[in-house]
Amino acid sequence: MFLCNSSIYLQTKIYLNMKLSRIYSSRQALLAIGSLVTISIGIALLAVALFSSNPSYQWASPASSGPGFLYSRFNPNYDEIYFTPESDWDETLLLTVIEHSPNFSIVPAEGIVNNSIAFLVKPPGNMDTLPTGELWLLDLKTGNRNLLASDPDIAVKPIWTRDGTRLMYRRVRQQVQELVELELSTQTRTVYAVQRDPSQGLFPLGEGDLGNQYYVEIFPTGIFVSKQSESETEPEICFKISDTFARDFSISPDGQRMVYLQTVIQSERLFFQTYLAELDCKDQQPHPLLEENQTEQYSPIWSPIEQTITIGTKSIERQKSGIMFSNGDSFDFISLPPDRTGFDVPVAWSHDEDYLLTKSFNGLSSANPGYGMIYIVNRDTGMRYKVDESPETRIFGWWSND
Amino acid sequence: MRVQKHGYLGGGQMISSSHLTKLILVLSLVALHLVLFGASTLTTKTYACAFGAHRPAAYEGGENRLLYIHAINAAANNLLFPQDARFALDRLEQGTRYNRYVSGGYIPPTLIKSIAWVETKMTMATKSTAWNGLGDSVISFDCGHGVMQVTTGMINPLGENSQPSDAQALISTHFTYNIAKGVKILGTKWNNAPQISPIVGTDTDSQTQILENWYYATWAYNGFTGYGSYSSNHPLDPSFAWPRSQYSCSGTQSHNEFPYQELVWGCIKNPPTINGSPLWSPIPITLPDLFSTEVNSALSPGNFYAPYANMDIKTPGPWHTDVTPANFLQQEAKLVGQPTLSVPPRSHTIRMNSPAAITWVDIPIRNSGSGLSTWRARSSVGFLVVTPPAGIAPGDNLTCTAASCDTTTLRIEVNPTLLPASYATGVVSIWSPNEKNTPIEITINVVADFELTFPGSSKNTD
């Protein structure tokens, strides 16, 4: 007999001690319907239980087209994503909210590509103290969200490839760090770098001009830039960045150079200063961006068209704090207004390079910087406009919104 | 469970209508069981840990956190369980790397309070639990338990027969033991120096009374992870923003922006407030100066290897001590007390004479003494399932006013698929790890013999 050998059936038979031989066919149907209804209710309740924790959200499209920038504002259980149009810096439109695990903000990938933003989030309900998050893509035209990956390390921001077809991120599996390249159209993942020693580090850097993946490796012996190319099976260590500390690595839009901050000693104090390197991996010797200007520097970034390098500088002695950007062989400088203290940290240029987004700190030094507020700086006039003074914001970048 | 394949799937054997009915009935029972009992399990986002998928019950004190603060003040001075090696604060070492000597058992209480706030906002139970009530113990995905998010020794069940140990039950359910264990672990992190941890305070004899000297031990409480590593707490790690504002402990800044020890330092300086009152007196604790050549050199990636001798640093100045008094004797009855477990009727019969029959019995558990009684339950047979496997019963001297206080119950439920016969008997033992009484035994008789009938049908008289 069917099920006679089934342990499930036997156990159930013992339990119920059923005697079903006289049940008529109509009642069989009744019982079957009842059972199906029970199953359906069960499935429905399970579905509700399983999916009720997913965040519900609404989407508010920008009322008018035109360029502007996107940023997020932190809240303990969710982050708000805002759009501020270039036509009116006072207008901040709340596009949507992203729920997250308490106290863990979202981590944006810098840049807006194909009308989409990418970000990491530690989802609500995930109380894990380990920093595993999710990688999401948000379509700014429709508000649609797509979950791309459920294994990224939320401590390391994802990076777009130059053509915007792929995202690079770090993940950790059983203490093995891996850098992954995710092809958006096919959801194909390729692991292009592995670090098995949990005490050492891997950070995605970006895509070079020939499509190679560059990344930063941190060893006890120093910090190195490495390359993985399609034609080679083994990665190549290109050059040493630093023996000390380095950070804020950034590849130029053409994929041929990189800048970063590195600590240097001056008068028994340490400062972060900007270094520049070619990405050709041939006897590369990174060199300081400013040979003689020994000031503390912040957040080197590239402009999208001219590929000017932009840094923030902190006042030392008579020199005022401000923003410095390369102009051919020289540097232009926009200083803070006379009545302002603090310093600027560049974040992103507008597409036409007319405006620079900065985080402007009101404190006196890096050791006690105060709060970073979002400012817009007009490149031509040097005029500054405060957009948001929330204690914690993150900037995605500029959006053409056409 | 062994799964067998049946003929109709591969052999084309026809199924009779009665067999189909039985199959549907079995599936419906499974579905019903999942709906009634399984859904909560599926949505309980807990991995294995000491108690598996079940969260033990815990007592949550008042919103003012006074109970927890008293417990911390006592634990910081090793006054809670000095004779219990599982929960006593070890004597701490101090001195320079090559002149280390044993000192007293003392940790600045404000440091512990700040850690408790960063970990759980100083709560013992899940967010849905009412103040002065009972609820599920807060357990993180990496098995951090309770106020202090104790992870050490809480990953797997450590008792007999792969069951949780009594110590694990106490840590999960009882805030006093949880705090004592967290403090003990912090002391262990301190004592890891100089063998496997660096020292702060080469110029101050690394005195335990100085808050700033706890920088590395606090770092290690969350994970002594280096520059560039996974889950790094290194203050110059590239994953943290630079420059970054100081942590204000006000809820307006995310945790992933800061290394762990900066979160703790931020809350010491800026204590959280409850209804306008700060939880502790602010202390302007000093972080190491990352821009000094001494500190920067000490923290360099090349120095990050045991015994970390090159990472030893002076006490960041100006340094501070913490003189919070411990009034343990006044609070002892609430923090520890003399709990007495009380379980009325010792014998129950569960009759499962129809599919609609109630398949469980709820056993009220009381604490007729004072303080908190952690209780545990274990079944002698597989077909009796106890839920929760551990819990807490407050004594009359503890405020427990929430509705949840009325449901201090142990549910003993019959798993029908494991019943050996239509009539079966099992015993459930209930005991308290923080009492010295012998276990209480509850006898459960199960009667499962019945006939299935439907309205209008003929009763089977075979």
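Up top is the structure.
In what follows, the accompanying structure is described. (Residues numbered from 1 in each chain as written. Chains lettered and ligands numbered in written order. Predicted model: local features only at pLDDT ≥ 70, side-chain atom pairs only at ≥ 80, totals over all residues.)

### Regarding the pairing of strand 1 (residues 68–74) of chain A
The side chains of a regular strand alternate between both faces of the sheet. Residue and element names in this part refer to chain A. Of all seven residues that make up strand 1, seven are buried, and the element is covered over most of its length. Burial of strand 1 is two-sided: the residues Gly68, Leu70, Ser72 and Phe74 facing one way and the residues Phe69, Tyr71 and Arg73 facing the other way are all buried. Of the strand pairs in this sheet, strand 1 and strand 28 (residues 393–399) are connected by six bridges, and their pairing is antiparallel. In the strand pairing of strand 28, Leu70 is matched with Gly397. Direction of pairing for strand 1 relative to strand 2 (residues 78–85): antiparallel, over a ladder of seven bridges. Residue pairing in the sheet places Phe74 in a bridge with Asp79 of strand 2. (Buried ≥ 20, exposed ≤ 12 C-beta atoms within 10 Å, placed from the backbone. Helix = DSSP H or I, 4+ residues; strand = E, 2+ residues; numbered from the N terminus. Pairing = 2+ DSSP bridges.)

### Considering the sheet that holds strand 2 of chain A
All names here are of chain A. Taken in spatial order, the four strands of this open sheet run 3-2-1-28, and their pairing is antiparallel. In this open sheet, the two strands that pair with only one neighbour each are strand 3 (93–99) and strand 28. Direction aside, neighbouring strands of the sheet carry axes that sit 20° apart on average. In this sheet, strand 3 lies alongside strand 2 in antiparallel orientation, the contact comprising six bridges. From the neighbouring strand, Asp79 faces strand 3, where its bridge partner is Ile98. (Axes fitted to C-alpha atoms, helices over the stretch in contact; angles between N-to-C directions.)

### Quick word on the sheet that holds strand 14 (residues 222–228) of chain A
All names here are of chain A. Overall, antiparallel pairing links the four strands, which are arranged 12-13-14-15 in an open sheet. Both outer strands of the open sheet, strand 12 (201–207) and strand 15 (236–242), are each paired with one neighbouring strand and no more. Ignoring strand direction, the axes of neighbouring strands in this sheet form an average angle of 25°. In terms of strand pairing, strand 13 (residues 213–219) meets strand 14 through seven bridges, oriented antiparallel.

### Quick look at the pairing of strand 16 (residues 440–447) of chain B
Residues and elements named next belong to chain B. Of the strand pairs in this sheet, strand 8 (residues 347–351) and strand 16 are connected by five bridges, and their pairing is parallel. Paired with Arg351 across the bridge in strand 16 is Val447. Alignment of strand 15 (residues 423–431) against strand 16, held across eight bridges, turns out to be antiparallel. Looking at the pairing, Ala424 lines up with Val446 of strand 16.

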